Amino acid sequence: MSSRALRRLKGKQRGQEALDLGDLVPGEEPEEQAADVEEEEEELEEAVLQPVKSSIRKTKKINKNLSNIYELICDAEKATTDEDTVKPEEQNGDESKEKSDSRETEKRDAQPETGASKSGDKASKKKKKKKKKKNTTGDKQEGAGDDIDALLETIEQSNGLTLQSEGCGGSDNRPVLYVEHRNLNPETELKRYFGARAVLGDQRPRQRQRQFHRSTWMTIPKDTWPRFSRPGISMTLLESRDGLQYFTFEHSRDYQQIQFKFLDSVESMDPNNIVALLQMNPYHIDSLLQLSDVCRIQEDQEMARDLIERALYSFECAFHPVCSLTAGTSRLDYLRPENRAFYLAVYKHMMFLERRGCPRTALEYCRLILSLDPDSDPLCMLLLIDFLSLRSREYNFLLRLYQDWEVHRNLSQLPNFAFSVALSHFHLSQEDQTESEERERLKHKADLLLQDALIMFPGVLMPLLDLCTVQPDAAVSSHDFFGPRSQLGQSPALAELVSLYVGRTHTLWREGGVLLWLEECVREVLRRVDAKNPLVEDCQNKRKQRYQSAPLNIHRHVILSEIKEATSTLPLEVTTQSVMGFDPLPPLDSVVSYTRPERQSVGASNESTLSLFFRSLLPNFNLQIWKILIPISDINGYGFDKEVAEEEDISRHCGP
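Rules used in this analysis
- Every chain's residues receive numbers from 1 upward, in the order its sequence appears when written.
- Local features in this predicted model are restricted to residues of pLDDT 70 or higher, and side-chain atom pairs are both shown and tallied only at a pLDDT of 80 or more, whereas totals for entire chains, interfaces and linings draw on every residue.
- Hydrogens are left out, water is left out, and the side-chain values use all remaining heavy atoms of the structure.
- Secondary structure counts use DSSP, requiring at least four H or I residues in a row for a helix and at least two E residues in a row for a strand, with both numbered from the N terminus.
- Expected span, for any helix, means 1.5 Å times one less than how many residues it has.
- Each residue is placed in one exposure class: buried if its accessible area under a 1.4 Å probe, protein chains only, is under 20% of its type's maximum, exposed if it is over 50%, and partly exposed if it falls in between.
- Directions from the helix axis toward the C-beta atoms define the arc.
- In what follows, a contact means two residues having at least one pair of non-hydrogen atoms within 4.5 Å.
- Lines fitted to C-alpha atoms define the axes here, with helix axes fitted over just the stretch in contact, and angles between the N-to-C directions of these axes take values from 0 to 180 degrees.
- Should an angle fall under 35 degrees it is taken as roughly parallel, and over 145 as roughly antiparallel, whereas 65 to 115 is taken as roughly perpendicular and any remaining angle as oblique.
- Helix crossings get a hand from a simple test, with the near helix turned counterclockwise from the far one by less than a right angle marking a left-handed crossing and a clockwise turn marking a right-handed one.
- When residues are sorted by character, Ala, Val, Leu, Ile, Met, Phe, Trp, Tyr, Cys and Pro go into the nonpolar class, Asp, Glu, Lys and Arg into the charged class, and all the rest, Gly among them, into the polar class.
- Paired strands, as defined in this entry, are two strands with at least two bridges between them according to DSSP.

Turning our attention to helix 26 (residues 534-545). For an α-helix, the turn length of 3.6 residues means that residues three or four places apart are oriented alike. Here helix 26 is 12 residues long and its end C-alpha atoms lie 17 Å apart, about the 16 Å a rise of 1.5 Å per residue gives. Of the positions making up helix 26, those classed as buried are Val536, Cys539 and Arg543. Taken around the axis of helix 26, the buried residues stretch over an arc of 70°, which confines them to a single face. When the buried face of helix 26 is taken as reference, the exposed residues oriented beyond 90 degrees from it are Pro534, Glu537, Lys544 and Gln545. Looking at the buried residues of helix 26, the elements they touch are helix 20 (436-456), helix 24 (492-505) and helix 25 (512-530).

Contact geometry of helix 12 (residues 271-280) with helix 13 (residues 285-297) gives a least axis separation of 10 Å together with a crossing angle of 135°. It follows from the interaxial angle that helix 12 and helix 13 lie oblique. The chirality of how helix 12 crosses helix 13 is left-handed. Along the contact surface, helix 12 presents Pro271, Ile274, Val275, Leu277 and Leu278, while helix 13 presents Ser287, Leu288, Gln290, Leu291 and Val294. Of the residues in the contact of helix 12 with helix 13, the class split is 8 nonpolar, 2 polar and no charged.

Once that is clear, we can look at unusual backbone geometry. At Cys380, a residue that is not glycine, the phi angle is positive and equals roughly 55°. Among the secondary structure elements, Cys380 is positioned in the loop between helix 16 (359-372) and helix 17 (385-391). Classification of Cys380 by relative accessible area gives buried; the value is 9%. One non-glycine residue, Tyr547, lies in the positive phi region at around 60°. With respect to the helices and strands, the residue Tyr547 is situated in the loop between helix 26 and helix 27 (552-561).

With that out of the way, let us pick up the sheet that holds strand 3 (residues 330-332). Taken together, the 3 strands give an open sheet; going across it, the order is 1-2-3, and neighbouring strands pair in mixed fashion. Each of the sheet's edge strands pairs with one partner strand only, and the pair in question is strand 1 (233-241) and strand 3. Ignoring which end each strand starts from, the neighbouring axes of this sheet average 35° apart. Pairing analysis gives 3 bridges linking strand 2 (residues 244-251) to strand 3, with the strands arranged parallel. Bridging across to strand 3, Phe247 finds its partner in Leu332.

Right, dumping it as structure tokens:
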């Protein structure tokens, strides 16, 4: 087909097109370009049969100002080799060079087209470019998604296994009480066990329809909760010292009045009064804590947990902007009554998570409570953190905590750390990824630590075997070191610690391999005792000098733990006083910001024994009113004056 016929088919006429200066190459005359028009048209005819790739046209726009044509040839070859990755190279170097030369002549000698045809070609080019861009961006997104999934898997594996494979000191430069936000959500742990589909299920469509709530870390607001409004709690930054921030919660005037009504409801000993108060103030903290205990006693675990989560949500909405849960630098003084409710709410939420089967999440909340006041430790979380570490298999975290705090806290003098650290070394020695030499070293160290723990606390063995339903050997039960004398020779404070540890962690010692290891160490301890090892006498002197009396925070921890083996060992000065669920065993040196006004008591000075008895049954009982309503005429017969009874209509006043 001739070039003239080809132009007629495309609707073009020679000499009527507007020249495009960008297509002209510097250094060539217009006559030379006109002479090569026929060659260009033959190339266009081939282009109709075989479309030219758009990459060369892109190189034309980029390199149109170049004066050296060989640079254009090289760039065109690079562009074709970069984009044509799907098709293999089948042509030799000479053919590719000739092809690039012919295409380069096409670029240099091409005449501009008419407006309509040019716009049509540009539109088709743009569509092709958009399609290619969509495909490339889709491929990139898929590749990026795959990379992100792979990265998350490696992060989860590193978070779960580096603590087990690396040393307990490790390369982790974060503080030992560092808290991770994602581990505060129990769904993170449940997804590892059961998968995201099993955990989330029908929650995704519901979340789209629920109303907007503030983003929180500790709890997720539910649609069934009352509408949230500021209950009157706020957080204030007291001071910043030595890189630590000291905060405190504060109550507004209105919240203080609600608090006074709550105390009146508690004294009435009627849970319905607390329910009525919560209906008017659905986010009152102490009412939520107290009613949660009532629901838990009535075995309504779901409602009890929901009330605690609502209290945590109210606290988190009142956080100071500077307060950080993860840094470990925020402090809350337990001496202030406003702060105690937050401690108790987090503790009870942690216990619900542990019973729910989320020990890793519970361990994170345990770190959080301990980081709020690590020096005084008002709830004595050091008696619990080892159990949660063993349950969640965070062995190296426990060893790191033991190494960092042993110097200034003497953790080895606590029975729970003495036995749990040895148990952590044993579990690490049994892991498959541990090398043989390292396994032997850990096993030997575990043997020595358990033997030292048994020598220091011999009263742990027999109660532990009893709860594990294991019958001890006669040589062990009849020996003076582990016999009944070891139980009777303990001080009350040490007996409280031992019974707390045994009652809480006896399930961890029921495994077959652990019991065999315990049996080996017990026999070695008896051999060392019979050989009169000097460590035995040294530990005996330490037991006599120490553990004279338990501090108040240990008693508070035992009450909150509700372990019957430990609560039975509480001293009389604790068991005889009233313990409130919203504030168990308050500190003696509390910092009170506001006081409750004194209640006016009518006739309280001249009350008899009988009136005090009725007051114990009915806190609202008033003797003066009953004297007016019911005059007693016959004291011996406890009879009523019939005339006065008829006049005053006792039945009306004594009715419910």
